[in-house]
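Letter by letter, the chains look like this.
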Amino acid sequence: MTHIDAGAGLDPVHPVAPPGTRPAGLTRAEVAERVARGQVNDVPVRSSRSLGEIVRANVFTRFNAIIGVLWVVTLFVAPIQDSLFGFVILANTGIGIVQEWRAKKTLDSLAVIGEARPTVRRDGHAVQVPTSGIVLGDLVEIGPGDKIVVDGVCAEADGLEVDESLLTGEADPVVKHPGERVMSGSFVVAGGGAFQATKVGREAYAAQLAEEASRFTLVHSELRSGISTILKYVTWMMVPAALGLVVTQLVVKSSDFKSSVARTIAGIIPMVPEGLVLLTSVAFAIGVVRLGRQQCLVQELPAIEGLARVDTVCLDKTGTLTEGGMDVTGLKPLDGADEGRVREVLAALGASDPRPNASLQAIIDAYPDGHGGDSRPVSTLPFSSARKYSGAAFEEGDGKVTGWLLGAPDVLLAPDDPALAETGRLNEQGLRVLLLARAARDLDGPDPARGARPVALVVLEQRLRPDAAKTLRYFADQDVQAKVISGDNAVSVGAVAHKLGLSGKAVDARKLPADPADLAKAVDRATVFGRVTPQQKREMVGALQSQGRTVAMTGDGVNDVLALKDADIGVSMGSGSEATRAVAQIVLLNNSFATLPSVVAEGRRVIGNITRVATLFLVKTVYSVLLALLVVCWQVEYPFLPRHLTLLSTLTIGVPAFFLALAPNKERARPHFVRRVMRYSIPGGLLAGVATFVTYLLARHHYTGADALAAETSAATLTLFLISMWVLAIIARPYTWWRVALVAAMGVAFLFVLTVPWLQDFFALRLVGNTMPWAAVGVAVVAAAALELVWRWVDRRFPV
């Protein structure tokens with residue numbers, strides 16, 4: 001008896017059964033014993049982090065540490081109103097934790113719905129269990145499209161072909177025989193069988209790869225990396241400006257110590273764009289929750305952003321544009337074949353496949369097992385997307401063995417065969433046609449289709465998704481090119497695409513050039529492609545990417561896995577194979593292609609709005625650093641207390657940014673996030689800082705006496721508020737009624753602070769006289785006009 005090493009400290013697995021027997025799998029007692037010993041597939045769910053990790057990620061940040069220390073100092077040296085910025089940070093952090101926790105719960109609940117449930121054999125019965133329910137030694141049954149979730153040894157094989165390209169990079173499927181090793185992370189492309197689990201949990205090969213983040217890459221997030229880059233620059237700017245400010249306020253100036261500390265802190269706090277990171281995470285989290293309500297599982301958060309940047313979407317016809325099921329609408333015997341015998345053969349072929357695809361299932365429904373006669377299967381040839389046909393050999397009643405093939409007519413027949421003319425006519429109507437042919441060679445030979453004699457055409461009608469045409473129109477309106485890539489006959493695919501409103505000639509992928517540059521040109525010119533092999537799908541996605549396209553790929557079958565993985569964004573149907581759901585970043589659990597526009601719209605809302613409001617935050621950072629440097633150079637008191645900048649930040653950034661970040665936005669996300677934001681933020685911040693300091697210097701010459709500094713601060717605050725409001729007014733364009741109302745509400749709120757006595761005292765804002773307040777308004781108007789001119793010049797001079 002041959003035993004297989006199950007690893008140190010583990011029981012040896014059961015021996016591979018000899019041919020002709022069917023292992024019963026583990027018993028209930030054996031499963032319980034392994035669970036008790038921890039020999040279970042306990043790989044953690046990757047969809048989200050724990051509550052503790054969420055809290056730590058939101059609380060223990062570099063900027064929170066800076067602000068927290070300054071807040072504690074402010075609580076001891078200044079009135080409570082100068083400490084308001086700390087309470088705002090606490091509230092923001094709490095909002096971030098709550099929103100991410102909501103998103104986590106949404107993701108986890110959807111992940112359970114979309115989780116693969118492998119079939120294991122226990123006590124002689126096939127049962128479905130969650131992936132985490134597999135134990136060491138389990139006998140796992142597999143078929144086309146199934147993902148191999150743990151490492152094991154093949155115990156049964158019926159034409160079993162496994163694709164290991166996600167692990168090894170080798171594109172060709174590997175034929176597996178009993179006793180050979182199978183690795184987690186690979187998937188079945190043809191045939192079926194069973195394997196015995198030898199490594200589970202973190203010992204499995206795919207789990208080790210995932211932990212090392214080797215071949216399973218995350219979606220690139222330009223937004224996330226761009227914000228990190230901006231924060232790095234901000235940190236470098238903050239350090240010298242803050243040090244100079246500390247020295248100036250505490251050493252050079254001889255003002256009151258507590259007032260000097262408060263003004264120093266007021267200069268440092270606004271340099272930190274703390275709300276930008278929060279707002280980004282909140283926007284993503286709310287996007288996940290919104291999409292979750294539509295049964296859309298976002299397996300990697302930046303995928304929302306990626307789909308917003310997509311300019312080309314490659315669609316697999318079956319399961320995306322058409323519904324999964326089909327109906328047999330006709331049977332056309334050829335060369336005088338007996339229709340009754342044809343029905344018997346089709347029924348026998350259906351009964352011989354334990355895991356039929358959609359086409360064969362339609363044949364099974366039309367010709368049930370009872371029509372199969374006395375035919376007994378001797379051998380089978382499983383369907384493969386690369387072959388485009390399947391087959392089986394049957395022993396007839398007289399002991400004679402006959403082989404039959406069922407598949408694509410233009411693959412099984414010679415180009416000049418007269419049956420192809422009838423096939424073409426049917427394909428032009430959008431019908432799918434399969435050929436039943438009698439094999440002239442052994443099915444296990446090198447080319448079983450050679451010399452096959454046509455017997456009958458099986459006509460299938462595909463069910464178009466009722467929402468497919470509307471979804472394709474949406475992509476056309478949004479300047480997103482749609483390309484249909486299918487393994488079916490090109491004429492049939494073209495007819496289906498034409499019914500859905502897609503124009504253009506259908507191209508047979510077998511005639512596409514092999515050279516990558518020529519392939520890229522051919523794929524760019526055409527819209528519909530038929531007879532595409534799985535490897536060609538992958539190459540076509542790469543060809544589009546080589547032209548600078550951002551490509552999304554949709555699919556539900558095992559033949560789509562390679563292309564889904566290589567695409568910028570992979571989108572799988574919830575009813576698709578385990579393999580497609582595993583490699584896709586977005587899974588449409590409701591199997592509705594019409595959900596995609598919602599995903600695109602959500603991504604555009606997040607990216608477009610974050611790009612928009614990031615300018616508000618960074619204008620504040622730039623003018624804060626500039627004001628600190630100007631104060632150091634002029635050796636004067638910093639013009640503001642913390643309460644003033646808390647008020648300005650709340651009214652001109654915090655509150656409006658929250659509403660603007662959640663507003664609808666249909667504009668396609670554009671690249672170069674950092675450049676787009678900084679080209680507005682730098683000139684805006686420079687103008688705001690210079691204008692505010694000019695008003696401050698004018699006020700220092702105008703006011704004298706004990707309360708002069710308070711009056712100077714009020715004048716400078718007025719100028720800075722008006723310029724910040726103008727920045728907000730520009731960012732809020734194009735105007736809608738609620739955007740106008742939002743900007744107006746912020747202006748009215750500031751007016752209340754200037755006119756209500758107790759608010760004047762609370763925020764230490766009191767405009768003295770008429771000359772300086774009007775001068776402050778005049779400086780702000782000039783700066784606002786200059787800002788309009790500069791930003792328009794930037795648009796022309798530095799287009800993105």
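These figures come from a predicted structure and were not determined experimentally.

This part takes up the overall build of the chain. In terms of helices and strands, the chain carries 27 helices and 21 strands. Within the chain, buried positions represent 55% of all 800 residues. Pairs at least 24 apart in sequence give 72% of the contacts found in the chain among residues at least 6 apart. Only carbon and sulfur atoms are counted for the fraction: they give 59% of the accessible area of the chain, which is about 33,700 Å².

Helix H24 (residues 708-731) packs onto helix H22 (residues 642-661) with a crossing angle of 10° between their chain directions and a minimal axis gap of 9 Å. The angle between the axes of H22 and H24 places the two elements in the roughly parallel class. From H22, His-644, Leu-645, Leu-648, Leu-651, Thr-652, Pro-656 and Leu-660 reach across to H24, where they touch Thr-713, Thr-717, Leu-720, Phe-721, Ser-724, Met-725, Leu-728 and Ile-731.

Following the criterion strictly, the structure yields nine aromatic pairs and no others. Geometrically, the ring pair formed by Trp-634 and Phe-693 is edge-to-face, given 5.3 Å between the ring centres and 65° between the ring planes. One end of the pair, Trp-634, is in helix H21 (residues 596-634); the other, Phe-693, is in helix H23 (residues 673-702), with 59 residues separating them in the sequence. By relative accessible area, Trp-634 is classed as partly exposed at 48%. Note on Phe-658 and Phe-659: the rings are 6.0 Å apart at their centroids and 85° apart in plane angle, and the pair reads as edge-to-face. Each member of the aromatic cluster is reached from another via a ring pair, and the members are Trp-634, Phe-693 and Tyr-696.

So, on to the environment of Glu-305. Along the chain, Glu-305 falls in helix H10 (residues 302-308). On the accessibility criterion, Glu-305 (0% relative accessible area) is buried.

Attention now goes to the nonpolar core. Grouped together as the largest cluster of nonpolar side chains are 129 residues, with contacts concentrated most on Leu-307, Ile-586, Phe-593 and Phe-750. Those residues in contact with Ile-586 that sit more than four places away from it in its chain are Cys-296, Leu-297, Ala-303, Leu-307, Ile-569, Gly-570, Val-571, Ser-572 and Val-599. If you look at the next biggest cluster of nonpolar residues, it comprises 26 residues, including Phe-187, Ile-485, Leu-519 and Met-540.

Moving on, we come to the packing of H21 against H24. One can describe the packing of H21 onto H24 by two numbers: an axis separation of 10 Å at closest approach and a directional angle of 155°. By the angle between their directions, the pair H21 and H24 is classed as roughly antiparallel. In this structure, H21 crosses over H24, and the sense of that crossing is right-handed. Across the interface between the two elements, Arg-612, Thr-615, Leu-616, Val-619 and Tyr-623 of H21 pack against Leu-720, Ser-724, Val-727, Leu-728 and Ile-731 of H24.

To continue, consider the sheet that holds strand S16 (residues 481-485). Strand order in the open sheet made by the eight strands is S8-S21-S20-S19-S9-S16-S18-S17, with mixed pairing throughout. Strands with a single pairing partner mark the edges of an open sheet, and in this sheet they are strand S8 (296-298) and strand S17 (506-508). Sheet twist, expressed as the average angle between the axes of neighbouring strands with direction ignored, equals 20°. Sheet topology note: the S16/strand S18 (residues 528-530) ladder contains two bridges and is parallel. In the strand pairing of S18, Val-484 is matched with Val-528. The strands touched by helix H18 (residues 534-546) are strand S9 (312-315), S16, S18 and strand S19 (551-555); relative to S19, the strand with the most contacts, the crossing angle is about 160°.

A word on the side chain of Ser-83. Note on placement: Ser-83 falls in the loop between helix H3 (62-77) and helix H4 (84-114). Overall, the relative accessible area of 0% leaves Ser-83 in the buried class. With residues near it in sequence (within four places) discarded, Ser-83 still touches Trp-71, Thr-74 and Leu-75.

On the surface, Val-72, Leu-75, Phe-76, Ile-80, Phe-87 and Leu-90 cluster together into a nonpolar patch covering about 600 Å² of accessible area. Every element with two or more residues in the nonpolar patch is listed here: H3 and H4. If you tally residues by element for the nonpolar patch, the top one is H3, at three residues. Note on placement: Val-72 falls in helix H3. When its relative accessible area of 43% is taken as the criterion, Val-72 is described as partly exposed.

Moving on, we come to the pairing of strand S7 (residues 187-199). Residues in a regular strand point their side chains to alternate faces of the sheet. Where burial is concerned, most of S7 is hidden: 12 out of the 13 residues are buried. Strand direction decides the pairing type here: strand S3 (residues 139-142) and S7, joined by four bridges, are antiparallel. Pairing of Val-140 across the sheet is with Phe-195, part of S7. The sheet contact formed by strand S4 (residues 151-163) and S7 spans 10 bridges and is antiparallel. Among the inter-strand pairings, Glu-156 is bridged to a residue of S7, identified as Ala-194.

Cut-offs applied
- Position numbers for residues start from 1 in each chain and track the written sequence from start to end.
- Note on the predicted model: pLDDT of at least 70 is required for a residue's local features to be given, and 80 or more for side-chain atom pairs to be given and counted; whole-chain, interface and lining totals, by contrast, use all residues.
- Hydrogens and water molecules were not included; the side-chain quantities draw on all heavy atoms of the structure.
- Per the convention used, a helix needs a DSSP run of H or I reaching at least four residues, while a strand needs a run of E reaching at least two, with both numbered from the N terminus.
- Only protein chains enter the calculation, and the probe is 1.4 Å; a residue is then buried if its accessible area is under 20% of its type maximum, exposed if over 50%, and partly exposed in between.
- Should any heavy atoms of two residues lie within 4.5 Å, those residues are considered in contact.
- Per-residue and other accessible areas were derived by the Shrake-Rupley procedure at a 1.4 Å probe size, with only the shown protein chains allowed to occlude residues.
- Simply put, an axis is a line fit to the C-alpha atoms, just over the touching stretch for a helix, and the angle between two N-to-C directions goes from 0 to 180 degrees.
- Roughly parallel here means an angle under 35 degrees, roughly antiparallel means over 145, roughly perpendicular means 65 to 115, and every remaining angle is called oblique.
- In this analysis, rings of Phe, Tyr and Trp, with Trp reduced to its six-membered ring, are considered paired at centre separations within 6.5 Å, and the interplanar angle assigns stacked below 30 degrees, edge-to-face beyond 60, and tilted for intermediate values.
- Buried residues of nine kinds, namely Ala, Val, Leu, Ile, Met, Phe, Trp, Tyr and Cys, make up a nonpolar core once their side-chain atoms join them within 4.5 Å.
- In this scheme, a crossing is called left-handed if the near helix is turned counterclockwise away from the far one by less than a right angle; it is called right-handed if the turn is clockwise.
- Two strands are said to pair when DSSP picks up at least two bridges between them.
- Patch definition: residues above 30% relative accessible area lacking any salt bridge, with like charges linked at up to 9 Å and the nonpolar side chains Val, Leu, Ile, Met, Phe, Trp and Tyr linked at up to 5 Å.
- When a carboxyl oxygen of Asp or Glu lies within 4 Å of a side-chain nitrogen of Lys or Arg, that pair is called a salt bridge.

Remember, this is a structural readout, not a statement about activity or role.
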